[in-house]
Structure formats: structure tokens, C-alpha cells
Number of protein chains: 2
Amino acid sequence: MNAAMIGVDWGTSNMRGWAFDDAGEIVAQAARPSGINAVTDGDFAAVLREMVGGWTDGGTPIVMGGMIGSRQGWREAPYLPCPVRPEALAAAAMPIDTGTGPGWIVPGVSRVDAEGVADVMRGEEVQLLGAGIADGLVLLPGTHGKWVRIEGGAIITFRTFMTGELFALLKDRSLLGRLMAPGRTDWDAFDRGVDRALHDPALTALLFTVRTEGLSGRTAPEALADYLSGLLIGAEIAGGGGTPGERISVIATGKLAERYARALPHAGWPAPELIAGEAASIAGLRRVGQAILKTAGRG
Amino acid sequence: MNAAMIGVDWGTSNMRGWAFDDAGEIVAQAARPSGINAVTDGDFAAVLREMVGGWTDGGTPIVMGGMIGSRQGWREAPYLPCPVRPEALAAAAMPIDTGTGPGWIVPGVSRVDAEGVADVMRGEEVQLLGAGIADGLVLLPGTHGKWVRIEGGAIITFRTFMTGELFALLKDRSLLGRLMAPGRTDWDAFDRGVDRALHDPALTALLFTVRTEGLSGRTAPEALADYLSGLLIGAEIAGGGGTPGERISVIATGKLAERYARALPHAGWPAPELIAGEAASIAGLRRVGQAILKTAGRG
């Protein structure tokens, strides 16, 4: 096979790749647990070749996004500061000879607030590009979830919330987790957490109520993790900014998407548009690749 | 020795004991790493006897406070609901034959909010009694720090903040901790954290700035833990309630007391009165003991 273009979403824990034909259709795909943390010998070229080598005779452009462009990755692709227009991501993509073909690494995006404190994303900008949203708020929930403001297709500003990492820490490592038991999702407990966090900004006090709800038996052990999830997502929504009534989209699938779709209306937002993360990654990588091909006179 | 009274502060990790004479002076003291979590065989009587047995001929009243009265302790001393007047703690102390002499376990204190969610303290109520504060806010910083409102000497209401546990989790177990290095206290970084948390309620977003401050080199690795500490203490003060100008006291010593004494004025509070926790525990146990002796006609 000699694909027209190859896209790789190369993150901390995993990598996924797609081969596209001239029409932009996917003709092959693969995934490996070879995120940058797993490439301990630094031989990214070998890892890439093993996954995508069969898709190219050597001349296919390979577009890579995600943590592969971080300081801990293959080659650092410096952050583009906000605002970032879609075409800027392709224009600033960092060329690299991959050994399997000509490569480009998509840069991350940074934002500096009035006090000079930075925020950063890497990988989400590809999904945002792929989602193709013109205006509004876009949420990318996760370990370090993002709230992104898009205007005229450009990333205007954004903010990262440690919601996912805090949930995992508190569930698995804190005193709160000791009272929890696995079980089916308890949406009532989740809703209670969302509402409390939306109405009370003292999150570090609310977190202690996970313990007292468990000790008092008011919330069952099987429901405590959902109550905690509700508190953290509610706090994120309370702090995320924006005005209910604006267009709002969530790039997520499954249970995570369901949690945000359920929680946002508690704060007066409409049900958000849901966008699958993998589809957004594919569309974003393809869009960057097509822009690069065009610039190179090959598109 | 045959002391007039023995007081024991028996917590999760440690126990400390004091023998008092008729005048209430300390005539002996001891400490053991025998908190309730360490007494795996449940033989609390033996642990107590080993520490205080030499202070009594068998008839000395032994007053115990802290987690020893929890469900996981020797005997559960049910929580007294707020408001709790000082004399109520002695009146509700749970009698127990310790095997070393007549014992009493001081109850904890609970509070239920408008939505029915409980908060609890156990051990702090003894310190509050010992501090003898008539009116105002009293802070007991720590793993699960308390903000307590006192009126006419009674515990009116209180709230628990997970500040200390969150700090330890985020420093030792999260991605944030990976960028940190040990060093001398960096008060500038601490102040910056306090100010940011006082002016921005989105704590879970602010926490991510510990990472970006480190990645960008704006804050040195040695100062990141202090910046994190400032964020969490600032968030606690922002959510603690009360009105700057009220009397405010902090039951703590050393670096922890210094952090709160430094942070509170950032929110417009005066420098708080500082009270040593051990002195407050001693005074509180003695006060309960004297009330019990009086009731028993021995005081």
C-alpha cells in the first residue's frame, strides 16, 4: 500500500494511526500501547515504522499530533500562543525526517493570562481543528480537561481543569475512596454532587462530604464515586466561564460524555452537542495533512 | 504516684497522656505511636495501662478524647449535634471501665446542614474547650482542617476542609508533584498561590497552574509546593465564611500556624491569635475531668 497521507495521534500512553487515500478516506488503521512514556529508549522512529511502515513506499507525508511534540517526545514543537487560527497549526507544523517518510509534528497551543501564568494543550488542538466548530465553547473532558472558546474558527482562549486526575486520586488514594464500593452509575448521587458544587464554591469542604455522606449512610458505598464525580464536574462547570445559551459542544463519548451532557443543564446550559474524540482526531490530522500537501504543491 | 486525674489524647496515629495533681498541674506525661490504627488486636486496655498505669493506684479518673471514641476505636461515643455548650461535653462523656481506673470518652461533635449533609469532628472539640474562646472563628488547620464558629463559648457550627490531605495527595501522588523539588519555604510563591485562590474560585483549574508554572520555569521546582500550599489555603479562606474583622484564632504551631497567620491578612483578616494545639488539648481534657470529678462529688 502507498497511502496518500498518514495521521498519527501519539499521546502519553497510546498511539493510533490512520492511512488516508487521495479522497481522504481511511484505508488502514492501527493502535499501539506505545505512548511516549513507553518509548524508554527514545527510538520513536522504530516504533512509528513498526506501526505505519506497511502503509507507505517511503514518500507519504506523516502528520503527528499529541505529546509526541512535547519536550519528552520525539522533537519539541513549540506552543503557538492564542489566538490560533486553524491554518496556523499546519503552517507551524515541525518537519521531521521520520525514517519512514517525511513527517510533521503539530504544535500545541498556549495561553498566558493577565498575570503571566500559562496554560497549555497538546493534542486537543488537533481535535478542535477536526471538530470544525466556528463559534462557542468546546469542552474536552478528561484527566486535564479543557474549556475552549472558539471564535471564527480560531482558538481564542482556554482553561485546563484537573477534574479527571483529581477524581482518580481521590477515589484511589484518599480517605474518601475507602468508603466506596463498585456499582452501577447512580445518577441521583451524581446530580446531588453537581448541584452542591454549582451552589457552593468551597470545593475542598464539599469533598469532605463524600466521607460524611458515606459514614452517615445517606449515600450508599456504591454511589459515593458518582457523588464525587458530580462534585468535581459541577465545580468545573461553575468555574468554566461562558454564558448559558451560548453554543456548547463536548468532545467525548460514552459515560464521560453522558456525565457532562447531564450536568450542564443543571447550570442552565442546553444539552451540548456531542462529538466523538477519535473522529475529531482523524478529521484534524487529515485537515493538517491536506494543508501541508497543498503547500507542498501535492494536494 | 496516684494522680488526681489523667487525660489522654488518643488519635488515629498517636496517643499522648498527662497526669494532673489536685491543683491541675501536670505531674507526668507520655506519648506513644499507638494511635487506634496501630492497636490491631483491639486490646486498648493493655495499651492504656502500659502508658498510664504507673500514674495511678486504680481510682484515678481517666478522660480520653479523639478517635478512641470513634466506631473504629475502643467504644463509640456518639456525636453531639451543634450547638454544643462546653459543659455538654463532660455531661455526655461515655463511661468505660478501662481496667486501669474509671474512664470517660469525650464525644465528638456533628453538624447537619440545611440539605441534611453532616460534618463531624472528633478531638478538635477538646481543643476548642481548652482554648476557652468565648466568641469568634477558630481554625484548626490540618489533614481535615476545621473552621469553627463559637458564640457564648458554645460550638455553633463548623465546616471541614480537606486542605491537608489534598496537599499531600497532590504533592506526593499527582502529576504536579513530579516537577517539585525540596527546598526552603518560598513565601513569595506561597503568597502568589493565596492571592490567586482568593480571587478565582476555579480551584481545579488553578491547581493545573502548578504544572504550568513549573514547566514554564516561572516558579522554581523548590517553590512549587509552597505555591500549591498557597492555592489550597487561599481556597480554604475564601470558602471558610466569616467576616474579616471578627475575632479569629488558629489552633496550630510552627510552619502551619505561620502559613495561616500569613494568608489570612491577604483576605482582609487581622493577624490571628495563635494557640498551641497541645496546650489546648491538655486544658480541654483537664476541664472535662474537673467537671466529671465535680459531678462525682470528688472535685
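Every value quoted in this text rests on a predicted model; they were computed, and no experiment measured them.

### Examining the environment of A:Pro244
Residue and element names in this part refer to chain A. Residue placement: Pro244 occurs in the loop between helix H7 (224-239) and strand E13 (248-251). The sequence separation of Pro244 and Ala267 amounts to 23 residues, and the corresponding C-alpha distance is 7.5 Å. Setting aside chain neighbours within four positions, we find Pro244 in contact with Ala267, Gly268 and Trp269.

### What to know about the pairing of strand E10 (residues 136-140) of chain A
Residue and element names in this part refer to chain A. Counting buried residues along E10, 5 of its 5 residues qualify, which places the element largely inside the surrounding structure. With 5 bridges connecting them, E10 and strand E11 (residues 145-151) associate as antiparallel partners. Bridge pairing links Leu139 to Trp147 in E11. Count of turn residues in the E10/E11 antiparallel hairpin: 4 residues, of which Gly142 carries a positive phi of about 160°.

### Let's talk about the relation of the copies chain A and chain B
The two copies are related by a screw operation: chain A maps onto chain B through 180° of rotation and 0.0 Å of translation along the axis, at an RMSD of 0.0 Å. One copy is carried onto the other by what is essentially a two-fold rotation axis. Closest approach to the rotation axis within chain A is made by the C-alpha atom of A:Pro201, at a distance of 3.2 Å. Taken as a fraction of all interface residues of chain A, those also at the interface in chain B reach 100%, which identifies the copy contact as same-surface.

### Thoughts on the sheet that holds strand E1 (residues 5-10) of chain A
Residues and elements named next belong to chain A. Reading across the sheet, the 6 strands line up as E3-E2-E1-E4-E7-E6 and stay open at both edges, with mixed pairing between neighbours. Each end of this open sheet is capped by a strand with a single partner; those strands are strand E3 (26-32) and strand E6 (94-97). Neighbour to neighbour, the strand axes of the sheet diverge by 20° on average, direction disregarded. Pairing of E1 with strand E4 (residues 62-65), which is carried by 4 bridges, proceeds in the parallel orientation. Bridge pairing in E4 places Asp9 opposite Gly65. Of the strands in this sheet, E1, strand E2 (15-20), E3, E4 and strand E7 (102-105) touch helix H9 (residues 277-295), which is tilted by about 135° from E1.

Procedures and definitions
- Residues numbered from 1 in each chain as written.
- Chains lettered and ligands numbered in written order.
- Predicted model: local features only at pLDDT ≥ 70, side-chain atom pairs only at ≥ 80, totals over all residues.
- Heavy atoms only, no water.
- Helix = DSSP H or I, 4+ residues; strand = E, 2+ residues; numbered from the N terminus.
- Contact = heavy atoms within 4.5 Å.
- Buried < 20%, exposed > 50% of the residue type's maximum accessible area, 1.4 Å probe, protein only.
- Pairing = 2+ DSSP bridges.
- Least-squares fit on C-alpha atoms with pLDDT ≥ 70 in both.
- Axes fitted to C-alpha atoms, helices over the stretch in contact; angles between N-to-C directions.

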